[in-house]
Structure formats: C-alpha cells, structure tokens
Amino acid sequence: MSGFAPEDKWMRFPNMGHLIANAYERVRINLTRYSFSKNCFPLRTSPTPNPNDRIICVGWVSNPRHFVQVYLKLGCPIPPTSPNWAIHVTIPSETWLDQFIERMQDYNKLNKIEIERNREKPKGVPPVDLADDNFFGSFT
C-alpha cells in the first residue's frame, strides 16, 4: 500500500496524545490556541534520568488537519497534564509529574496573563501575537 492513509486511520489530535506517550515512553505535548493545550505522560513507565530529553511536542497551526513538530527550549513552560492521566496512572509513572510540575505552573501563570491581555484587545486581533518580542517574557 502506498500514498496517504485514509482519514479513518488518522490519529486524532488531541485525543491520541496518550497513545504516543505510552508507545514511545515520552512526554507528549499538544500545543493549540485558546487554552486547549495539554501534555500526556506515559502511564506505565518511570521517568528516565533526564526526562527533558523525552518530549515530543506537536503544535496545531490553523487548519484542523495541519500540525508541526515543535522544538522546545530546555526548561520552557509546558501545559498541564491531561486530567485522565491522574485517573489511569500507575505507581511507576507517578514521578513524571514531579519532574515537570514547575514548568506547568509557569505555563498556567503565562496563560492567565495572556487571557487577561486578550480580554483587553479589540475584536479581530489574533489571541497570540508571535511577533511580540516579549511574548515569552523571562522564559526566553
């Protein structure tokens, strides 16, 4: 078989992040607009000595079927973990959260600031201005 996979065989974003996290034993981060970003930790394995090297980040661009791989800077903020992770996590995997909690807290702080900035913007202005040199503040 060659060519593109039929649409019914595609992985759905963000619903399938947990499959990638578990299959590759990596943190899977889904970046989207409008505060729907989430991360998925593996459910059955403990973190490696350097879990920062075990991140797969995918960003949703603008078209419902267009995504790009995102390379994150070391220590940058990351979105919170999926609530389902806490329901299904096993004992060996519980320490993934410890490795990334500060980065998730930083993300939540930045997200709150951005939400407030967006409330002040007039209609029709993009919610995230990537041209803004200080968008990431002290995290660059």
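Note that the structure is a prediction, hence the values are computed from the model and not measured.

Rules used in this analysis
- Residues numbered from 1 in each chain as written.
- Predicted model: local features only at pLDDT ≥ 70, side-chain atom pairs only at ≥ 80, totals over all residues.
- Heavy atoms only, no water.
- Core = buried A, V, L, I, M, F, W, Y, C linked by side-chain atoms within 4.5 Å.
- Buried < 20%, exposed > 50% of the residue type's maximum accessible area, 1.4 Å probe, protein only.
- Helix = DSSP H or I, 4+ residues; strand = E, 2+ residues; numbered from the N terminus.
- Contact = heavy atoms within 4.5 Å.
- Phe/Tyr/Trp six-rings, centres within 6.5 Å; stacked < 30°, edge-to-face > 60°.
- Pairing = 2+ DSSP bridges.
- Axes fitted to C-alpha atoms, helices over the stretch in contact; angles between N-to-C directions.

(A) Expanded view of the nonpolar core. Counting residues in each nonpolar core, the largest one holds 10 residues, listed as Val27, Ile29, Phe41, Leu43, Cys57, Ile78, Trp85, Trp96, Phe100 and Met104. Mapped by element, the contributors of at least two residues to this core are β1 (27-31) and α3 (95-120). Looking at this core, the element that brings in the most residues is α3, giving three residues. Excluding residues that lie within four positions of it along the chain, Phe41 makes contacts with Ala21, Val27, Thr81, Trp85, Trp96, Leu97, Phe100 and Met104.

(B) Molecular detail of the packing of aromatic side chains. For the structure shown, the criterion picks out three aromatic pairs. Pairing Phe41 with Trp85 gives two aromatic rings, centres 5.2 Å apart and planes at 70°, and the pair type is edge-to-face. Taken together, the residues Phe41 in the loop between β2 (38-40) and β3 (55-60) and Trp85 in helix α2 (residues 83-88) connect sequence positions 44 residues apart. For the pair Phe41 and Trp85, one class covers both residues: buried. Taken together, the ring pairs in this structure connect Phe41, Trp85, Trp96 and Phe100 into an aromatic cluster.

(C) Local environment of the pairing of β1. In terms of residue burial, β1 counts as a mostly covered element, since four of its five residues are buried. In terms of strand pairing, β1 meets β3 through five bridges, oriented parallel. Residue pairing in the sheet places Ile29 in a bridge with Cys57 of β3. One ladder, built from three bridges, connects β1 with β2; its direction is antiparallel. Within β2, the position partnered with Arg28 by the bridge is Cys40.

(D) Quick look at the sheet that holds β1. The sheet built from four strands is open, its strands ordered β2-β1-β3-β4 with mixed pairing. Looking at which strands have only one partner, the edges of the open sheet turn out to be β2 and β4 (67-69). Pairs of neighbouring strands in the sheet enclose a mean axial angle of 20°, with direction left out of account. The pairing of β3 with β4 spans three bridges and is antiparallel. For Trp60, the partnering residue across the bridge sits in β4 and is Phe67. Running at roughly 155° to β1, helix α1 (residues 17-24) makes contact with β1, β2 and β3 of the sheet.

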